[in-house]
Amino acid sequence: MLDIKDPELIRNYTRQYGWIMRKGAKYLAVVLTRYIENGCTATKADYSRFVKEAAAEFGIRPASFRAVIERYVRAGWEGKHPFAWEWEHYAGWHEPTPPNTTEAIRLVCETYVPFVTKYEDAIRSQRGYYLHMAIEELETQDGKPNI
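All figures in this text were calculated on a predicted structure; none of them were measured in a lab. Every chain begins its residue count from 1, and numbering advances along the sequence as written. pLDDT decides what is reported in this predicted model: residues at 70 or higher carry local features, side-chain atom pairs at 80 or more are listed and counted, and totals for whole chains, interfaces and linings draw on all residues regardless. Calculated side-chain values reflect all of the structure's heavy atoms, with hydrogen atoms and water omitted.

Trainee: Can you break down the overall build of the chain residue by residue, with the values?
Mentor: The way it works is that DSSP assigns letters per residue, a run of H or I at least four long becomes a helix, a run of E at least two long becomes a strand, and they are numbered from the N terminus. Each helix and strand counted, the chain has seven helices and zero strands in total. Mapped in sequence order, the helices and strands of the chain form the string α-α-α-α-α-α-α. The buried share of the chain, reckoned over its 147 residues, is 35%. For the exposure calls, accessible area comes from a 1.4 Å probe over protein chains only, and a residue counts as buried if that area is under 20% of its type's maximum, exposed if over 50%, partly exposed in between.

Here it is, written out as structure tokens:
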């Protein structure tokens, strides 16, 4: 149903972990895209390669790229509206402090496919509900059974 390679779906998924106007969401989306292109599997070396390639795409050093992601995660963890719930609910992070950059990248990538699957299930459930309501309405138009 949904295309896991859809850039808009990827962007929206990475934006749920912090403030959407920060560059970290965009950087995570680029790493996630590489993860998807790699067949939704990766080793520690693959994640390192994804970061290096993505950093090169933006013309910055990998350390700077990682620092932007770290600030994105930390900024989302602090303040009046922290994103700790999203990290726990979607990524399975149950710690009182935010994940480090390496762990954040791994969690975002590895929980993407299960997230899309749950999202598709929710869409199907909503469609089923509205279809049921429409049929019920057609069957009882004007307060009388329409059979």
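Here the narrative resumes, following the displayed structure.
Trainee: Give a description of the nonpolar core that names residues and reports values.
Mentor: Residues grouped as a nonpolar core are buried Ala, Val, Leu, Ile, Met, Phe, Trp, Tyr and Cys residues, joined through side-chain atoms within 4.5 Å. Residues V31, L32, F65, W87, I105 and Y112 are the most contacted members of the largest nonpolar core, which totals 37 residues. Residue assignment for this core shows that the elements contributing at least two residues are α1 (7-15), α2 (23-37), α3 (44-58), α4 (62-77), α5 (84-91), α6 (101-110) and α7 (112-139). The greatest single-element share of this core, amounting to nine residues, is contributed by α2. Residues count as neighbours in contact if any of their non-hydrogen atoms are within 4.5 Å of one another. The contacts of L32, once residues within four sequence positions are left out, are I10, Y13, T14, V108, C109 and Y112.

Trainee: Residues and numbers for unusual backbone geometry, please.
Mentor: Most peptide bonds take the trans configuration, and most residues that are not glycine carry a negative phi. Unusually for a residue other than glycine, C40 sits at a positive phi of about 55°. Secondary-structure assignment places C40 in the loop between α2 and α3. For C40, a relative accessible area of 23% gives the class partly exposed.

Trainee: Describe the pattern of salt bridges, with residues and values.
Mentor: The working definition used for a salt bridge is a side-chain nitrogen of Lys or Arg within 4 Å of a carboxyl oxygen of Asp or Glu. Taken as a whole, this structure holds seven salt bridges when the rule is applied. Notably, a salt bridge pairs R34 with E53, separated by 3.2 Å at the nearest N-O pair. With R34 in helix α2 and E53 in helix α3, this pair connects stretches of sequence that are 19 residues apart. One salt bridge in this structure joins R74 and E70, with 3.3 Å as the shortest N-O distance. Residue R74 and its partner E70 are both found in helix α4; the two are separated by four residues, about one turn of the helix. Classification of E70 by relative accessible area gives partly exposed; the value is 34%. One connected set of salt bridges, linked through shared partners, spans R34, D46, R49, E53 and E57.

Trainee: Go over the packing of α2 against α4 with me, naming the residues and quoting the values.
Mentor: The N-to-C vectors of α2 and α4 enclose an angle of 120°; their axes lie 8 Å apart at closest approach. In this view, α2 runs oblique relative to α4, as classed from their interaxial angle. With respect to the hand of their crossing, α2 and α4 are arranged in left-handed fashion. Here K23, G24, A25, Y27, L28 and V31 of α2 come into contact with α4, specifically with F65, V68, I69 and Y72. Across the contact of α2 with α4, the residue classes break down as eight nonpolar, one polar and one charged. An axis is simply a line fitted to the C-alpha atoms; with a helix, the fit covers only the stretch in contact. Between two such axes, the angle follows the N-to-C directions and lies from 0 to 180 degrees. Any angle between 65 and 115 degrees counts as roughly perpendicular, while under 35 counts as roughly parallel, over 145 as roughly antiparallel, and the rest as oblique. By convention the crossing between two helices is left-handed if the near helix lies anticlockwise of the far one by an angle smaller than a right angle, and right-handed if it lies clockwise. For this classification, Asp, Glu, Lys and Arg are treated as charged, while Ala, Val, Leu, Ile, Met, Phe, Trp, Tyr, Cys and Pro are nonpolar and the rest, including Gly, are polar.

Trainee: How would you explain a positive patch on the surface if you had to name every residue and give the values?
Mentor: Here a patch means residues that are over 30% exposed by relative accessible area and free of salt bridges, tied together within 9 Å if like-charged and within 5 Å if nonpolar (Val, Leu, Ile, Met, Phe, Trp, Tyr). Under the convention used here, a 1.4 Å probe and the Shrake-Rupley method define accessible areas, while residue burial counts only the protein chains that appear. For the purpose of counting charges, residues Lys and Arg are taken to be positive, whereas Asp and Glu are taken to be negative. His and the chain ends are not included. Note on charges: their place is set at NZ of Lys, CZ of Arg, CG of Asp or CD of Glu. On the surface, R22, K23, K26 and R71 cluster together into a positively charged patch. Position of K26 among the secondary structure elements: in helix α2. By relative accessible area, K26 is classed as partly exposed at 45%.

Trainee: A description of the side chain of E86 should follow, citing residues and the corresponding values.
Mentor: Topologically, E86 is positioned in helix α5. An unpaired buried charge is present at E86: no salt bridge exists, and R15, the closest side chain of opposite charge, is 14 Å distant. In this structure, E86 is in contact with Q16, Y17 and A91, ignoring residues within four places of it in sequence.

Trainee: Explain the packing of aromatic side chains to me, using residue names and the numbers behind them.
Mentor: To describe a pair of aromatic rings, one takes the distance between the centres and the angle between the planes. Only rings of Phe, Tyr and Trp enter the pairing, Trp through its six-membered ring, and a pair is recorded when the two centres are within 6.5 Å. The plane angle decides the type: under 30 degrees is stacked, over 60 is edge-to-face, the rest tilted. Within this structure, the stated rule accounts for twelve aromatic pairs. Each ring, one from Y13 and one from Y112, has its centre 5.0 Å from the other, and the planes form 65°; the classification is edge-to-face. Linking Y13 in helix α1 with Y112 in helix α7, this pair joins segments that are 99 residues apart in sequence. Take Y13 and Y112: they sit in the same class, and that class is buried.

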